[in-house]
Amino acid sequence: MKTYLQQIFQDAAGRLEYLKEAEIIFAPPQTKEHGDLATNAALILSKKAGKKPRDVAAEIISNLNYDQTKISRIEIAGPGFINFFFTTGYLAEVVPDILEREENFGRSDKYAGKKALVEFVSANPTGPLTVGHGRNAVIGDTTAALLSSVGYTVEREYYFNNAGRQMRVLGDSVRHRYLQLLGEKIEYPEGYYQGGYITDIARGLMDKHGEALRNEEPEGIFKSTAESAIFSEIKRSLEKLNIGFDSYFNENSLYEDGSIKQLLDSFKESGLSYEKDGAVWLKLEQMGSPKDPVIVKSTGEPTYRLPDIAYHRNKFNRGYDLIVDIFGSDHQDQYPDVLAGLRALGYDDSKVRVLIYQFVTILEDGKEIKMSTRLANFVELEEITDAVGKDVVRYFFIRRNTNSHMSFDLTLAKRQSDENPVFYIKYAHARICSILRYAAEQNIGLSLENLHLLEHPAEKELLKKLWAYEEEMLQCAENFEPHKITVYIEELAALFHRFFTECRIIGSGAELASARIALITAVRQVIYNTLTLLGLEAPERM
RNA sequence: GCCCCCGUAGCUCAGUGGAUAGAGCGCCGGCCUCCGGAGCCGGGUGCAUAGGUUCGAUUCCUAUCGGGGGUACCA
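Every chain is numbered on its own, with residues counted from 1 as its sequence reads. To label them, take the chains in the order written and letter them from A, then take the ligands in the order written and number them from 1. At least 70 in pLDDT is required for a residue's local features to be given in this predicted model, at least 80 for side-chain atom pairs to be given and counted, and no such filter applies to totals for whole chains, interfaces and linings, which use all residues. With hydrogens and water excluded, all non-hydrogen atoms of the structure serve as input to the side-chain values.

### Some words on the protein's contact with RNA strand B
A molecule or strand has a residue near it when one of that residue's heavy atoms lies within 4 Å. What surrounds RNA strand B is a group of 56 residues, the closest being Lys 297, Arg 400, Ser 407, Arg 431 and Ser 434. Each atom of RNA strand B within 4 Å of the protein was assigned to sugar, phosphate or base; sugar and phosphate come to 64%. One of the side-chain N or O atoms of His 405 is found 2.8 Å from a base nitrogen in RNA strand B. Separating a base nitrogen of RNA strand B from a backbone N or O atom of Ile 505 is a distance of 2.9 Å. Helix numbers and strand numbers start at the N terminus; a helix is a DSSP run of H or I with at least 4 residues, a strand a run of E with at least 2. Elements with a minimum of two residues in the surface near RNA strand B: α2 (41-49), β4 (81-86), β9 (279-282), β15 (406-409), α17 (422-441) and α19 (483-502). Pairing of N or O atoms within 3.5 Å defines a polar contact, subject to two protein rules: one partner must be a possible hydrogen donor and the other a possible acceptor, and residues neighboring in sequence count only if both atoms are side-chain atoms.

Below, the structure written as structure tokens:
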């Protein structure tokens, strides 16, 4: 529909110069009295044309050559909107298109041939994933799916560090619990990991090795056992959400393969770094940063910026066209330095897209829970997944705008999972499947011959929504707004339920029935495609 | 102090430079002789405040107030 209007406007622009002066936008009006699509072109161009908006609108309309089998009426309304009404036959053309393309309907090849990397979760293996990580995981996985649906070849990557101070503390935490289990009266340091999983790991070691580890170093078997135990838990928690990765990137490898040293040399050679007070600083102030950050401490240890920049340099060198990072808002101030560092080295940082999501507030019994991994007062992601199921968790997290704060009511989630709108969508799918089964029993088939009979207002609304699918998904992808997928699908499901209430299918007469079967088959396909994009099941029965 | 995000209905949150701002939950009332009632329909004093840009601002800009996060030679 939009493409067609764009065509006839382009044609008209050959006669009306001012039509080239602005981007003409077609949008569905709020009420159907205002047409199927409308444009404010005349309002915007009124000044350039030197005429009143309504006169401009009239002039535009008189210059449009359009096919009357597609457009039934064009009118000027309000201050100068141009409203377009399409013919039923034209609106219905989307149905055969959907039935032919099936799973591919809504996918685009706009970015075919481009490579994208999506890095997300990236939690260090110091404890189980929390609900907050869940938001990260679902945003990352869905964004990756979305990019893939518009043509990108997408890789999912998990970045972690098993070499830092946190990990040493983790190993020593396990050692302390182990010694306590052996009966030693040693105090457990306050800053150590308090979670019960530490004791579980220690107990596992005791069962296997008895007292033999009494004099082991914290960074040996204690740390390595903790790391692999926790990592396998993390992976299991993600698998339960059907989230997997193509690669795991270990920060440590950047030291081992010399990347860190090379990066330091690059900075030094290009005069981007300098030494002061025994530390190495990066000259970013000259690039607009608030101040020069330290990249190597006076102790000789690098700060997080150095490996972060090295990691991104590595990503660039792998040749991606798009590099997406999913971070929580606590990393807000971290990435500008990284991007500035890359820019200083001559990389095109416009290829990097950082998605910052705001924190999840957990409510239990109406009270807010403050989370901290070290203090172990967190709510585990897996606990929630086990309680309400993968699809509810995924839908819950993806439904909100990433830069909007959200709260998670644990009590509600555990008790009333059917209140989640995801059931509304799934019900629409199952309902259609049921109707189609029934229709088959009644020997009522699908036909594309009578689609012009779909002229009930509920049918037309449904058809228009189907037309909008591909463009809306493309916008979700290009604007990195995965939550808008749910806005679309909830609207589509609502339109279907309304249609179903108002229009009978079986019993509406053979010709109309066959057209309606075609329509709901198309709706089912689009719901299925959308649920698949979101990583959710599309049940045939509920 | 400075930086980022947010402030929309009782609650959780969508949404748009336009013509009457929505959904879910909760509450009240309707709708199945008939394809799935996990549904549909009706019921609301709501865009934090003040300026500005614009033909038009809830949307963009500025300030103020309120909430969250950051502001290390932690990550």
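### Looking at empty space enclosed by the protein
Points on a 1 Å grid, built from protein atoms alone, make a cavity when a 1.4 Å probe fits but cannot get out and make a pocket when they are open with protein on both sides within 12 Å along at least 5 of 7 lines; residues with an atom within 4 Å of a point are the lining residues. Grid points are joined across faces, edges and corners, and a volume is the space filled by probe spheres set on the points. If you walk through the whole model with that rule in mind, you get one cavity of 30 Å³ or more. In this structure, the largest cavity occupies an estimated 40 Å³ of space. Lining of the largest cavity is provided by Asp 308, His 312, Asp 325, Phe 327, Tyr 335, Val 338, Leu 339, Val 352 and Val 354. A per-element tally of the lining of the largest cavity places helix α13 (residues 335-344) first, with three residues. Any residue outside Ala, Val, Leu, Ile, Met, Phe, Trp, Tyr, Cys, Pro, Asp, Glu, Lys and Arg is labelled polar, Gly included; the first ten of those are nonpolar and the last four are charged. When grouped by side-chain class, the residues that make up the lining of the largest cavity number six nonpolar, one polar and two charged.

### As for the state of the cysteines
The criterion for a disulfide is a pair of cysteine sulfur atoms lying within 2.5 Å. The final tally for this structure, using the stated rule, is zero disulfides. Cys 433 forms no disulfide, and the closest cysteine sulfur to it belongs to Cys 503, at a distance of 19 Å. Per-residue accessibility, obtained with a 1.4 Å probe over protein chains only, is compared with the maximum for each type, and a residue is labelled buried under 20%, exposed over 50%, and partly exposed between these values. On the accessibility criterion, Cys 433 (4% relative accessible area) is buried.

### Looking at the layout of surface pockets
Taken as a whole, the second largest pocket encloses approximately 960 Å³ of empty space. In terms of lining, the second largest pocket is formed by 36 residues, of which the most central are Met 1, Lys 464, Trp 467, Ala 468 and Glu 472. Counting residues per element, the lining of the second largest pocket draws most heavily on helix α18 (residues 457-478), at 11 residues. Of the residues contributing to the lining of the second largest pocket, the split by class is 14 nonpolar, seven polar and 15 charged.

### Some details on the packing of helix α7 (residues 165-181) against helix α8 (residues 196-209)
Angle between the axes and distance between the axes are the two parameters that describe a pair of packed helices. At a closest axis distance of 8 Å, the pairing of α7 and α8 adopts a crossing angle of 60 degrees. Judged on the interaxial angle alone, α8 and α7 are oblique. Crossing geometry of α7 relative to α8 is assigned as right-handed. Residues Leu 170, Ser 173, Val 174, Arg 177, Tyr 178 and Leu 181 of α7 pack against Ile 198, Thr 199, Ile 201, Ala 202, Arg 203, Leu 205 and Met 206 of α8. Convention adopted: a line fitted to C-alpha atoms gives each axis, helices being fitted over their contacting stretch, and angles between N-to-C directions are expressed from 0 to 180 degrees. Any angle from 65 to 115 degrees is called roughly perpendicular, while one under 35 is roughly parallel, one over 145 is roughly antiparallel, and all others are oblique. Should the near helix be turned anticlockwise from the far one by less than a right angle, the crossing is termed left-handed; should it be turned clockwise, right-handed. Contacts: residue pairs with any heavy atoms within 4.5 Å of one another.

### Here we look at the packing of aromatic side chains
Stacked, edge-to-face and tilted labels apply to pairs of Phe, Tyr and Trp rings (six-membered ring for Trp) whose centres lie within 6.5 Å, assigned for plane angles under 30 degrees, over 60, and everything in between, in that order. Under the definition given, this model contains 28 aromatic pairs. Ring-pair connections join several aromatic residues into one group, and the members of that group are Phe 120, Tyr 158, Phe 160, Phe 231, Phe 245 and Tyr 248. Seen from the ring of Tyr 4, Lys 70 lies directly overhead, with NZ or CZ sitting 5.1 Å from the centre. In this scheme, the term charge over a ring applies when either NZ of a lysine or CZ of an arginine sits within 6 Å of the ring centre and within 35 degrees of the ring normal. One residue, Lys 235, lies across the ring of Tyr 248, its end atom 4.5 Å from the ring centre.

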